[in-house]
Structures are given as C-alpha cells and as structure tokens.
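Structural characterization, general
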Amino acid sequence: GGTSVGSASAMRQVRSIITGIAAEQGDGSPLAIVVSAMGGKPKVTDLLIQTVTYAAAGGHEEARSLLGQIRAKHEEAMADLFCEPGDAAERDSLQGELLRDLTDIEHLLRAVSLMRALDARLVGVISGYGEQWSARMMAALLRCSRTPPGGVSWVYLDARAVLVVDDTPTTGVAPLWDQSAERLAAFVQANPGASMVITGFIASTADGGITTLGRDGSDYSASVFGRLFEAEAVTIWTDVSGVLSADPRVVADAYCLPEVSYNEAAELAHFGAKVVHPKTMQPALARLDWREDARSIPIFIRNTFAPGDRGTRIFETSELTTCREVAGVSAMNGMCLVNVMGRGMVGIPGVASRLFNALHSLGVNVTAIAQASSEQSISLALLAVDGARAQAAVQEVFRTELTAGHIESVQLVPDISIIAVVGDGMSHRPGVAGKVMGALGNAGVNIRAIAQGCNETNITTIIDTRQSLRALRAVHAAFLASLTVAVGVVARDSAVASELLGSFARHDATSQARFGLNARVISVLKLQTLTSEPLTETKKGEAHKSVGSRLLQGREQSAVDLGSWEEGLAVADEGDLNAFTDAMLNADVPMRVVIDASDSAEAAACHAGWLRQGIHVVTNNSLALTGDLAQYGSLCAARSASSSARYVYGTAYGDWLPVASTVTTLLASGDAVHSVDGILSASVSHVLNALAPAVGRAPTEPPMSFSKAVRAAYELGLFEQDLYEDLSGAHSARQLLCLARDLGYKLELDDIYVEPLLRPDDNNSSAPSGPEAVEAAMLIYDKAIDARIAAAASRGKVLRFMARLEHNHSEDGRPRASVRAEELEPTHPFAGLSGAALSVRFHSEEAEQPLVISGAISQKSCVNALYSDLIRLARSVDTRARDRGPSTPAAAQLR
C-alpha cells in the first residue's frame, strides 16, 4: 500500500518483511510483490491528478510546480536508499527514467492546457506513473539487498504489459483472464525463477490503451495477480493490523478481527472500511475463476509497521464467522437521500424502472434502496455530490405525475449517513435486526430508512449525519464491545465528588470485565452556591448563573483524568449547568448519564430537561422530586415522554437501602400499603443513637453532649450541606414526601407536619462550616436536647426522630404525614438502632408481619449506591452491559 512505500524508511521496512518471508519459505520459490505509488501527505497519485486539473484550467505553471514536488519526493527517497557506491548504477538508472517520465507528463499537460479539456483516459495515463516509479525503486532496492532474497532474481513488471481489462463504463473494470494469463505466462517464461515487483493500479485495454483499476486499486491488482499466478495466498501489507470491527478513529474500543469471510470483507469495504478495496475479494473466490480446478485463495491483511501482529485472514464463510452475530460496523458519510412519494405509484408497473433509468442516464450510483410494501414511497441513498442533479432528473421524468398529483413530491434530504451492520452470523438468526434497532433507539438515534439484502449479511440503516458517530458507537457496543457511557458528575461537596470519582477509578476494570460497561467521566461540575428551595421554571435561567462554580471537561474519547481531577478543577474556568449540559449533548456515545450527587435546586430543575434531551439521570438529589405538584408533574411527564432516557432516583430516599424498589414491588404485586414509618435521616439517627443508646447497650464514656454528638456526625460527612436541613426535619420531610408520591399520594411538602428537633436561632441561622464551628453553634441547644433525652430515659424509653405516613386511619381520604422526635419503647424495632442507621417499616394489607428495611449509612455507601445505580441502568438499557459472572481467578476460587 501507499503508506508502506511512502518514504525511504518505509521501503526499507518492506524490504525487511520480504526478506523474512523468503527466509521462512526457504525453498527459493518466487515471490510476486505489487506496490502502490508513494503515499504520505500528499499522495503522489493525488498530486498527479491535480496537475491535470490545473492544466485543464490553464494553470500550466501550477502543474509544473506540482511536478517539481513529485520529483523532489522521489529523488530524496532514491538518494537515501541508494547511497552506497555499489548502488550508483541503480540510482542513476532510476533518476534517468524519472526525468524522462516527468518530461513526457509535462508534454501531455501542455496539450491539456492548450485544449482546456479534461480527458478521463488521459487522467488515467498520468495518474498511473506513481506506481511505475515506486515499483522500479522497490525492485532496485531488493536487487541491491545484501541479504536473501537479494541478487538479480528480482525483476520489474509493468502491469500494463500483461494485465488486460475491459473498462466498459457500464460494467466497470473487469480482467480479461485468458489474455492476461497468456501474457503473464510469456513474461514468466522469459524470466525463469525470477521474483517480481509489479505495478498496482494500472492495466491496459484489449486495444492497447492505458487504463486504471480505480482509486486505491492496488489491493485489487494484488488479488488479480494472485489469481493469475494461482498463488498460495495474497497478503495486503498496509498501515493497520487487519480488518477492524469499526473505525478506531471514532470507536475507541474497535479491535482487529482474526478472520472474516469474503462476503463480510466486501460488505465492510463497500460501506466505508478503508482497509481493503471492495473488489479485492472477487478474484480470490474459486467460483469466479475461469478454470474448473480452481481453489479459493486466502487474503491476509497485515501491518507493515507492526509485522508481528497477527492480522486478519479473509477466506470462505466458516464456523468462526457464523458463530458471531456481527463481524463489524461501518459508516458511510457524505450521502443524501432522494425520496419519491405518492399514492399514485401504488400498483403502477414501471415506476422503479423509470426512476433507475433516469439515474443511470446521469451515471449516478445508488448505494441503498428502501421501499415500503404499500408502494407509496421509494428512498434512494446517493452520494451527496449527486443529490441535486438526481433530484432534478427524477422530477423531469415524473413531471406529468407530479403535475397530476399522482406523485406528491421528489424530496432531497442532505447530510445523510449509512450505518452498515455486517456479519455472516445474522443469517437465519432471529433478533439481530431488533437488537440493532434497540441499540439505536436507546442512543436516541432516529432511523430514516432501513434496507437488508436477501443474503442476510448486511443490515443498512439510513440516519442523519449529525447522529452517525453516536449510532456507530451504539451498534458497535451492542454487538462487539463494552457499552461506552459518557458520564457527567454534578456535586457540591468536595468529599462526595472525590469519593464518587474515586469509585470510577477503582471499579473501572471490574465494570468492563464483568458488566461490559466502559464509563467515561467527561464533565465534572462543582457547584459553589447554595439554594435550599426548589426552583420553578421561571427561576431556572437565573439559577444557572452560579458564581464560583467550576466546570472540568474532557472528551468522550479522552475523559477527565480521574487521578488529577482536583488539580484540573482548581484551574478550570467558571462554568454553569448550561455549559455542563452542552458538554453532555456533544458526547457522541451510545449512552449519556448525568449523576447528580448534589443537594442543589439548580441541578434538580434541570432533570426534566436532561431527560427530554435523551440524557439519563441518576440522582440522590431529592429536590427534583419534592417541588410543588406542578413541578413534580413536569418531571413525571418528562420521564413518560422520553423513550430513550431513564430516571433513576433510588438513592433520593433510603440511600443504598432498597426502599424505593420495595415500594415498586409492593405496588406491582397488587398489595395496598396502609402506613409507613421510619427513621429517614442518617445524621440525626447517629446523634440520637449516641445520646440515647438502646437498652442493654453501654452509653458512651464520658457521656456525650448534643453538640459533641453533632460534631461527630459532621466529621463522618453525614449531614447535608446545611446541617439545619437535617436537624430541623426538612430533610426527613423531603424523604417522606418522595416515598409518599411513589405510593401514589398527591401531597405537597406543606402537607407534612414537621416538629423540628431544634429550630435555628434567628441570629445564628446560617449553617456553620467546620467541626469546631459546628460544635460551637450547637452548644446553645445542649441543655434542651439533653433534657428531652433524660426525660425519655426516665420513662424507660429512647428518643428517636420519626417519619410517619398513615392512610388507614384517615377520615378525609388523605394520608397523614409527620416528622417529629418520639419516645419509643425498648421493644420497638427502631429503638435498637445504632450508629448512622436508617430504617423503614411497611404495613400492608397482604403481609402478616410488617416489612422492615434497615441498614447503616455512610458517605461511601451513598456513593457506592449511585455507582451501582449506573450499572443497573446500563444493564436495563443495553444487553451488552450484562452480568458476565466473576473474573476467571475468582470463579476458580468458587469452584
């Protein structure tokens, strides 16, 4: 390939590879090597074609300048390759031939400049010189080699001398096998035992004219000569290590396929995979050979610059290619869609024929076709450059039908891409097409048209180009790799952010190995301002202007560095939720998730908008669920309207405990919940459990005051950003409201009676920060709280901060909801709690005994629950993120 011979150093690498191959064979059997023109930037073939374009426009001097570049590129390579005194003859010969050819080209260009005409055959003649120069250099380099297979056995073969083709425009270039075989046999007979360096790309016609096999046709040349030689194998040495499952420039986890079938390789190449020319596979097929005893020839794709890589073998369909559903996914951009629509087409013969004849007369190739069984529309995917003239031609052909209204319109849709899903294994395997559509739907990709051939090897979807990257990654993830998820994190507390981002770093390997989840944190928004009340839509824009908030952004292919995010955030620009949202929308990955771990009303007001824009939300921020009923209804409507985004809020009440999922299970089972009570604030629970331990549990020594107990809970990170939210009962009330609304009750926050554990002093209402400040602020409450604790103890009871929701004793049909400190008997299940424990008890119609859920809470448990919710979300949305079981070492231990 061109890159493999793009410089002197690359050509030396090719010589090393050929030397190794000859040494491996060890029997002196000849090799045939086909080479492209020198690649690099710019490619020699591109420069040659550009000279003709300049000349046809009268730019003869510009064309001469390009010829000077071409000469310099080749002379530099010659000087580097043939610098030894013994190589002088080869170098002089090569330079002489180069100068003679450039002189001939200049004469041709002068004629083009005079005629101001661009002749296609002349373009073919001039563009084919690059292969002649590189092939001569490579043959000379091998002859000058000091190691096997050096010596005079290497000869240069101009393919035009032996390869004869029919280049009829309607059928494309096709080898004339008998004539070519005769000419090649004569050449081999004249050079017995010689190995050959052959020009790719160029050929001759039966009448002696010069032509080419089409751009990037050297792969095709190699396959043609492989068939003519009846070679054991054809190896394409290029700059990638084989046929990849997708384009690695846009799909980070694309990988090399060890084996693909001829059919799979041809389909992938046709739809944009640049590893091999689409026609390369045809000559290798035995059934296309003109000889009865022919056999298929395997094609190997290897990397010139990584020769140790295994590469890809292309051969007949095998058990390996059929056992997998999909081999690869390819995208073809730069397309448009021509839609012909009208009820008058139904049952009318010849409509499609006239349509295709119109396009054929223009020389327009149709890449994909889709037609509904109702016959009311036909969609054709074409190259974008052909779109306007194709539309005009079709409108002209159907002018009568358009005037009469039998055909309603001929529509041109620009900026279209084709996503081709290819694999032998999808044949006769149910569910593959559904999986493709599901992956695209979950990624929020709209499909304009669908096509599938009768061989069931290719499912083609036609989509908008702006969604092509996301679509490619979504389908690749669904079949061939881990599910890539772009994650944005919103946090206010630094400790929470640190713990959450640390969990991504700790669990990344396990998430990929066990659950097929590749989570990339692409954006981190650290909020600084504090707003306690939920925002309305009218206040939302104003709230986004949070002064001091910092936004750290990465890209979906190069995520935020989790090892140095704090340093990055410290120097990051100020940002807001609008910029954060833009970063998430710009992530072209199959799945985008915001984890809102803040207690921010600003962020909560964005939840509905994120869902509407196809972004999943995982949150423990209860403010979004506890606004007024209108705001809550807007969020529920967004959840219902979004077919692609899901809202996961199990940690918004109950932390990591399965409280929300239990509510769902009870309702789904048809059970009726009469009442719920519980302790819903881990921070207040920790304080009261320390001050009033359960009966039989030793009290702290020395006895702890209320202010010190609050400080201890604060140091554990148990409080909300504003600790008065917890101590006043506001946080518990929001938790209870979340639970009540999930049970179906239309309550407002004001419907919950709250009796605060303490009320902030009017002169001390701002939340203290720091352990010393917290303890100092609580000193004024020590006497009152200690007295309540002692009073309860004197009656043989303990004080606990209870939340209650009761419906079974309600007379007006509305449940009674309250949050207050209550004295509990020692036998009560909540009296025996210790530490930062939460507990919820459900009384239902079906259950003989109350259902109690209890557990200890910590900052780490909350973060782990959010990460766990992300895993569950991915598994519910995409089948690739499934539980694959423990890793091999752990599985071995279990056995």
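Residues numbered from 1 in each chain as written. Predicted model: local features only at pLDDT ≥ 70, side-chain atom pairs only at ≥ 80, totals over all residues. Heavy atoms only, no water.

Read across the open sheet, the 6 strands follow the order S25-S27-S26-S24-S28-S29; overall the sheet is mixed. Only two strands of the sheet have a single partner each, and these edge strands are strand S25 (752–754) and strand S29 (851–856). The mean inter-strand angle of the sheet, taken between neighbouring strand axes irrespective of direction, is 20°. Running over the sheet, helix H25 (residues 682–691) touches strand S24 (673–679), strand S26 (798–806) and strand S28 (837–844) and is turned about 145° from S26. On the sheet, helix H28 (residues 730–742) packs against S24, S25, S26, strand S27 (816–824) and S28 and is oriented at approximately 30° with respect to S26. (Pairing = 2+ DSSP bridges. Helix = DSSP H or I, 4+ residues; strand = E, 2+ residues; numbered from the N terminus. Axes fitted to C-alpha atoms, helices over the stretch in contact; angles between N-to-C directions. Contact = heavy atoms within 4.5 Å.)

Further remarks concern the nonpolar core. In terms of nonpolar packing, the biggest core is built from 94 residues, with Phe 706, Met 778 and Leu 805 touching the most fellow members. Not counting residues up to four positions away in its chain, the partners in contact with Leu 805 are His 674, Ser 675, Val 676, Leu 736, Leu 739, Ala 740, Leu 743, Tyr 745, Leu 747, Pro 815, Arg 816 and Ala 817. One finds Leu 48, Ala 77, Met 78 and Ile 126 within the second-largest nonpolar core, a separate group that totals 47 residues. (Core = buried A, V, L, I, M, F, W, Y, C linked by side-chain atoms within 4.5 Å. Buried < 20%, exposed > 50% of the residue type's maximum accessible area, 1.4 Å probe, protein only.)

Further remarks concern the side chain of Arg 841. Examined against the element boundaries, Arg 841 turns out to sit in strand S28. Under the relative-accessibility criterion, Arg 841 is labelled buried at 14%. For Arg 841, the side chain forms a polar contact with the side chain of Asp 677, separated by 2.6 Å. At a separation of 3.3 Å, a polar atom in the side chain of Arg 841 contacts the side chain of His 843. If sequence neighbours within four positions are ignored, Arg 841 has contacts with Ser 675, Val 676, Asp 677, His 828, Pro 829, Phe 830, Pro 850, Leu 851 and Val 852. (Polar contact = N/O pair within 3.5 Å; in protein donor to acceptor, adjacent residues only side chain to side chain.)

Here we come to the packing of aromatic side chains. To describe a pair of aromatic rings, you give the distance between the ring centres and the angle between the ring planes. What the rule picks out here adds up to 6 aromatic pairs. Centroid distance Phe 504 to Tyr 867: 5.0 Å. Interplanar angle 80°. Geometry classified as edge-to-face. Note that Phe 504 is positioned in helix H17 (residues 494–515) and Tyr 867 in helix H31 (residues 859–877), a separation of 363 residues in sequence. With relative accessibility at 4%, the residue Phe 504 sits in the buried group. A relative accessible area of 6% means that Tyr 867 is categorised as buried. Against the face of Tyr 632 rests Arg 741, its NZ or CZ located 4.7 Å from the ring centre. When the ring centre of Phe 830 is taken as origin, the NZ or CZ atom of Arg 841, which lies over that ring, is 5.6 Å away. (Phe/Tyr/Trp six-rings, centres within 6.5 Å; stacked < 30°, edge-to-face > 60°. Lys NZ or Arg CZ within 6 Å of the ring centre and 35° of its normal.)

It is worth spelling out the pattern of salt bridges at this point. Per the stated rule, a full pass over the model turns up 33 salt bridges. We note a salt bridge from Arg 136 to Glu 97, for which the minimum N-O separation is 3.9 Å. Of this pair, Arg 136 sits in helix H6 (residues 129–143) while Glu 97 is found in helix H4 (residues 88–115), placing the two residues 39 residues apart along the sequence. Between Glu 822 and Arg 804 there is a salt bridge, with the nearest N and O atoms lying 2.9 Å from each other. A residue pair is termed long-range when its members are at least 10 positions apart, and Glu 822 in strand S27 and Arg 804 in strand S26 qualify at 18 residues. Owing to a relative accessible area of 19%, Arg 804 belongs among the buried residues under this scheme. Linked through salt bridges whose partners overlap, the residues forming this network are Asp 677, Arg 804, Arg 820, Glu 822 and Arg 841. (Salt bridge = Lys/Arg side-chain N within 4 Å of Asp/Glu carboxyl O.)

This brings us to the sheet that holds strand S10 (residues 299–303). Pairing within the open sheet is mixed, and its 4 strands lie in the order S8-S10-S11-S9. A strand with exactly one partner marks an edge of an open sheet, and here the two such strands are strand S8 (234–238) and strand S9 (259–261). The sheet shows a mean angle of 20° between the axes of neighbouring strands, direction not considered. As judged from the 3 bridges shared by S9 and strand S11 (residues 312–315), these two strands associate in the parallel manner. Across the sheet, the residue bridging to Val 260 is Ile 314, located in S11. Sheet strands in contact with helix H8 (residues 218–229) are S8 and S10, and its direction is about 160° off that of S8.

Let us look at the environment of Ile 857. The topology assignment puts Ile 857 in the loop between S29 and H31. Residues Ile 857 and Ser 681, 176 residues apart in the sequence, show an inter-C-alpha distance of 9.5 Å. Each residue touching Ile 857, except ones within four places of it in the same chain, is listed here: Asp 655, Trp 656, Leu 657, Ala 682, Leu 718, Ala 836 and Leu 838.

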